[in-house]
Amino acid sequence: MRTNYRVNAGVRFEVFSRDQLEELFNGVLHVMDKIGLDVHHEEARNILADAGAHVEDKRVRIPTHLVKRALATAPRSFTIYARDGNPAHDIQIGPGRAHFGPGPTPPNFIDVETLERRPYVRDDARIVATVVDALPNIDFCESLGTISDVPTDLAAAYEFATMFPRTTKPIVAWSFGWDDSNDIHQIAITEAGGQEAFERRPNYIHYCEPLSPLVSTFEAVDKVIFAARHAVPVIFTTCALAGGTAPVTPAGIIIQTTAESFMGLVLSQIIRPGLPFFTGGVLSVMDMSAMILSYGAPELSLMMAGVTELAHYCGLPLWQTGGCTDSKCLDEQASLEGSLSVFFSALSGGDLCHDVGYTESGMTGSILQTVMMDDAIGYSRRITRGIEVTPDTLAVDVIRDVGPDGHYLYHDHTMQHFKTEFWYPNLCDRHNYEEWAAEGKQTMRARVIDRTREILATHNPSPVRPETAEAITAIMAAAENRVKNKP
Amino acid sequence: MSQTLEQITTGVIEGNIQGIRQLIQKALEEGLKAEEILQNGLIVGMNEVGKRFKVAQMFIPEVLRAAKTMHAGQELLHPLVTDARAVRVGTIVIGTVQGDMHDIGKNLVGMMCEGAGFEVIDLGFDLSPETFTEAIKVHQPDIVGMSALLTTTMRSMGHTLKAITEAGLREKVKVMVGGAPVDAEFAARIGADGYGHNAVVGAELARKLVEAA
Ligand code: B12
């Protein structure tokens, strides 16, 4: 019999010790209680004040007991459901589970046919959703663009209306404010079978962005209130630049951005205790020479791993970042930066890793990058799954059985394990030279482009219910009227 | 060249905000003219900073500190010069347009312009067209700078330009625009006088715009 025997079910990786996490957490509590944040939303300030926060003009200071109460009610584990009931597309949030998906709202897109950068249009949302639906290692959907060929105020609503019928993977939605949040919500609950059914099986997540340093803007807060009142799982994530809008040191930026996210946490948990909440965000450096927020910097991955550990220490899921690059095209740089950040994100077990497919510092979305990263995620997941140690996998008996000079090629043990122990890439080529040459010496870049086009030509996502299709038409027609009549 | 002037040049390059005032005082006591201190001390330093930044020998925080140092020196010299324009190249009013809260890029442009010898009035972010027109009336700037980081707020730049024209102020100011999604074509389309794709180019553009005026 064994005692005190420990098992590692995956590869272990840690940035901080428990003592360090405690110090970071105390830093967050200090910022919230002693420095406070500006909340540009009167109703939110009133809600917070009634719950015991100190409000002075716009400045809101949250006492520690309020933060701890919010942490106690916000769940660590929950499920976001595929809209069509396909359990393979459900997302189970919980310890040791990293999920991946594209990112929101760049202005430009790499055209899948011409391969040129151009403004993002509505049909690109169809393309992204269809490809996401087909990729085995992409778990949730975002659009990789801001639709430019619809009335500006309806860009977010049209995006959701276009993507929702094309993928059953949960969508992470963004919006401008209350009205388009509601358009999106109406579409989602129609498919779910009403508000109550949605509350039992939420099928999308809402995304809001406060402002660094230390400001909860009206729009961001208003959307959190919308989400809380309608039981929509919500992400409240900053996008801070170390050395620009946040301290230059990783520990400092982690404290500041966590405090910024926690304002949303506290507010959401006061309105609806138990609402699934993701803390954020995008933590990276301002390149002090190129003057951009870098999406390909190693510090991004390192700081994201650190903030993930802090979130998990606090018992919250985290909105991770990876699979992105500062490169302008699908090249070696894009592959290097994207793959390493995907791997780091997988190791940290951050719960929803977004921006898979961001290029050019977030200015251009590329579904080709997402398709390439699908292989990098598969690769990473094989590593993070780790090495199982059991009498069977130790294989001492098998080694005895085969002995010197033997082979394992069709041994029972090999037959039993080779399909699950080995991971096979979809895109990386492992053929020998002759075979590769015979197939036309294709590069990775060419295979990525071919696969993307092939998915678009062949993949048919499971459709929405007929009443949802009708609802989408009606909701968007009403939305068009609303913006037309706007002064 | 005077040793003190060399120290002033080095002071700017090193971003010695505290020391620069003393150095300038010393130079004045040595009998140097304000114009000389400016041209052969401060500006020489700032030009060197610009050169070093371009070849990645200096980085943004260092450049901004140098700009602040330069500015502190100018403030001291301003009352002493005969031609005020020698010290203050011009005045810029800058801000991020309505609906937009991205301000880091705009801050950088403002600080770089300060380093280039401008008096910069930073209005902040999410600014209505009226805020811009009012600020033009109050501060009488040579240049108005607008920043937008969202394709959805780029239209506010057009609205602001229209408001400036309608208020009868368009002839009085040059307008420059920037921000990640903005490009030269868009700037031309809305009738701006110039576009800069980064803060360094922005400051160079500002100088060109006042020189052309
Ligand atoms: C940081 C950031 C934020 C922060 C801003 C914090 C702050 N205090 O500024 C926060 C989190 C608040 C934020 C919010 C949002 N953001 Co934002 N954000 C960014 C990000 C990642 C970096 C911007 C930045 O600071 N860059 C670094 C600075 C130094 O560069 P810069 O601003 O471009 O400025 C340089 C030049 O452009 C130029 N310049 C700038 N202004 C001027 C002016 C003049 C006169 C001149 C000459 C030159 C010039 O010089 C500067 C220095 O070289 C960009 C991505 C990107 N690559 O730009 C997205 C980005 C701009 N954001 C975007 C979006 C969509 C949003 C939100 C709508 C998100 C949401 N759904 O809630 C909100 C909108 C809030 C609002 N109403 O403004 C999109 C825009 C897409 C589009 N279609 O336009 C981007 C491209 C990211 C993305 N892919 O989604 N964001």
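Cut-offs used in this document
All residue numbers refer to positions counted from 1 along the written sequence of the respective chain. Chain A is the first chain written and ligand 1 is the first ligand written, with later ones labelled in order. Since the coordinates come from a predicted model, pLDDT governs what is reported: local features require at least 70, and pairs of side-chain atoms require 80 or more to be given and counted, while whole-chain, interface and lining totals use all residues. For side-chain calculations, the full set of non-hydrogen atoms in the structure is used, while hydrogens and water are omitted. Each helix is a run of DSSP H or I of at least 4 residues and each strand a run of E of at least 2, with the numbering of both proceeding from the N terminus. Computation of the radius of gyration draws on C-alpha atoms alone. For the globule rule, the value is 2.2 Å times the number of residues to the power 0.38. Using a 1.4 Å probe on the protein chains alone, a residue whose accessible area is under 20% of its type maximum counts as buried, one over 50% counts as exposed, and one in between counts as partly exposed. Computed with the Shrake-Rupley method and a 1.4 Å probe, the accessible areas treat only the protein chains shown as cover for residues. The charge count includes Lys and Arg as positive and Asp and Glu as negative, but it does not include His or the ends of the chains. Where a charge lies is defined by one atom per residue type: Lys uses NZ, Arg uses CZ, Asp uses CG and Glu uses CD. Patches were defined on residues exceeding 30% relative accessible area and lacking a salt bridge, with like-charge contacts within 9 Å and nonpolar side-chain contacts (Val, Leu, Ile, Met, Phe, Trp, Tyr) within 5 Å. Whenever a carboxyl oxygen of Asp or Glu lies within 4 Å of a side-chain nitrogen of Lys or Arg, that contact is scored as a salt bridge. Nearness is defined per residue: one heavy atom within 4 Å of the molecule or strand is enough. We define a polar contact as two N or O atoms separated by no more than 3.5 Å, with the added condition that, inside protein, one atom must be a possible hydrogen donor and the other a possible acceptor, whereas residues neighbouring each other in sequence contribute only through side-chain atom pairs. Throughout this entry, Asp, Glu, Lys and Arg are counted as charged residues, while Ala, Val, Leu, Ile, Met, Phe, Trp, Tyr, Cys and Pro are counted as nonpolar. The remaining residues, Gly among them, count as polar. One bridge is not enough; two strands pair if DSSP finds at least two bridges between them. An automatic or database domain assignment supplies the start and end points of every domain. Only heavy atoms matter for contacts: two residues are in contact if any of them lie within 4.5 Å across the pair. When two rings of Phe, Tyr or Trp (its six-membered ring) have centres within 6.5 Å they constitute a pair, described as stacked for plane angles under 30 degrees, edge-to-face for angles over 60, and tilted for the intermediate range. Our definition puts a charge over a ring when NZ of Lys or CZ of Arg is within 6 Å of the ring centre and also within 35 degrees of the ring normal. The donor set comprises N, O and S atoms within 2.8 Å of the metal, extended to 3.2 Å for Na, K and Ca; water molecules are omitted, so apparent gaps in a site may simply reflect that omission. Simply put, the buried area is the total loss of 1.4 Å probe accessible area from both parts when two parts are fitted together.

### Points about the overall build of chain B
The helix and strand tally for chain B stands at 10 helices and 5 strands. For 213 residues, the compact-globule estimate of 2.2 N^0.38 gives 17 Å, and chain B sits close to it at 18 Å. Considering chain B as a whole, with its 213 residues, one finds that 51% of them fall into the buried category. For chain B, the accessible surface area stands at approximately 9,700 Å², while carbon and sulfur atoms represent 52% of it. Here chain B contributes 20 positively and 26 negatively charged side chains, and the mean placements of these two sets differ by 2 Å.

### Topic: the overall build of chain A
Helix and strand counts for chain A stand at 18 helices and 19 strands. At 23 Å, chain A has a C-alpha radius of gyration in line with the 23 Å of a compact globule built from 487 residues. Judged by the C-alpha coordinates and their principal axes, chain A covers about 80 × 55 × 50 Å. Within chain A, buried positions represent 56% of all 487 residues. Here chain A displays about 21,100 Å² of accessible surface, and carbon together with sulfur accounts for 53% of that area.

### Focus: a negative patch on the surface
All names here are of chain A. Together, D429, E434, E435 and E439 line one region of the surface with negative charge. Mapping D429 onto the fold places it in the loop between helix 15 (412-421) and helix 16 (433-438). You can call D429 partly exposed: its relative accessible area is 31%.

### Here we look at the site of the ligand
Lining the immediate environment of the ligand, one finds 46 residues, of which T105(A), S361(A), G362(A), H102(B) and T151(B) sit closest. Interatomic distance of 2.5 Å between a side-chain N/O atom of T105(A) and an oxygen atom of the ligand. Secondary structure elements with two or more residues in the shell around the ligand: strand 13 (239-242) of chain A together with helix 6 (104-115), strand 3 (143-147), strand 4 (174-178) and helix 10 (199-212) of chain B. Take the shell around the ligand: its biggest share by element is 4 residues, from helix 6 of chain B. Of the residues that constitute the shell around the ligand, the class distribution is 25 nonpolar, 17 polar and 4 charged.

### Observations regarding the sheet that holds strand 3 of chain B
Residues and elements named next belong to chain B. Pairing is parallel across the open sheet formed by 5 strands, whose spatial order is 2-1-3-4-5. Two strands lie at the open edges of the sheet, namely strand 2 (118-127) and strand 5 (194-195), each paired on one side alone. Summarising the sheet, strand 1 (residues 90-97) and strand 2 pair through 7 bridges and their orientation is parallel. Bridge pairing links G95 to G124 in strand 2.

### A short note on the domain arrangement of chain A
You can read the domains of chain A as domain 1 (78-385) and domain 2 (391-421). Look at where the C-alpha atoms of domain 1 of chain A and domain 2 of chain A centre, and you get two points 43 Å apart.

### Some thoughts on the environment of I189(A)
Residues and elements named next belong to chain A. Relative to the helices and strands, I189 is located in helix 6 (residues 178-192). Expressed as a C-alpha distance, the spacing of I189 and Q369, which sit 180 residues apart in the sequence, is 32 Å. In contact with I189, not counting residues within four places along its chain, are G194, Q195 and F198.

### Looking at the pairing of strand 15 (residues 282-285) of chain A
Residue and element names in this part refer to chain A. Because side chains alternate across strand 15, one face comprises the buried residues V282 and S284, and the other comprises L283 and V285, equally buried. Direction of pairing for strand 13 relative to strand 15: parallel, over a ladder of 4 bridges. Residue pairing across strands places A242 opposite V285, the latter belonging to strand 15.

### Let's talk about the packing of aromatic side chains
Residues and elements named next belong to chain A. This model, assessed by the stated rule, comprises 14 aromatic pairs over all chains. Considering the side-chain rings of F140 and W319, the 5.8 Å spacing of their centres and the 40 degrees angle between planes classify their relative orientation as tilted. Of the two residues, F140 sits in the loop between helix 4 (122-134) and helix 5 (155-163) while W319 sits in strand 16 (residues 319-321), which places them 179 residues apart along the sequence. Here F140 falls in the buried class, since its relative accessible area comes to 1%. In this structure W319 comes out as buried when scored by relative accessible area, which is 0%. What links up through ring pairs into an aromatic cluster is the set F160, F164, F198 and Y204. When the ring centre of Y5 is taken as origin, the NZ or CZ atom of R2, which lies over that ring, is 3.8 Å away. Its guanidinium or amino end placed over the ring of F164, R83 lies 5.6 Å from that ring's centre, counting from NZ or CZ.

### Brief notes about the coordination of the cobalt atom of the ligand
Its sole protein donor being H102(B) (NE2), the cobalt atom of the ligand sits 2.3 Å from that atom. When you line up the elements, H102(B) lands in the loop between strand 1 and helix 6.

### Digging into the domain arrangement of chain B
Residue and element names in this part refer to chain B. On domain assignment, one finds that chain B holds domain 1 (3-85) and domain 2 (88-212). Using C-alpha coordinates to define each centre, domain 1 is positioned 26 Å away from domain 2. Listed by partner, the interface residues are 15 residues for domain 1 and 14 residues for domain 2. Between domain 1 and domain 2 lies a buried interface of about 1,300 Å² when both sides are counted; carbon and sulfur atoms form 53% of it. There are 2 salt bridges connecting domain 1 and domain 2. K68 is the partner of E114 in a salt bridge, and the nearest nitrogen-oxygen pair spans 2.9 Å. Summed over the shared surface of domain 1 and domain 2, the result is 2 residue pairs in polar contact (both at pLDDT 80 or more). Those elements giving two or more residues to the side of domain 1 that touches domain 2 turn out to be helix 3 (34-54), helix 4 (60-77) and helix 5 (84-87). Take the side of domain 1 that touches domain 2: its biggest share by element is 9 residues, from helix 4. Taken together, the residues that form the side of domain 1 that touches domain 2 break down as 8 nonpolar, 3 polar and 4 charged.

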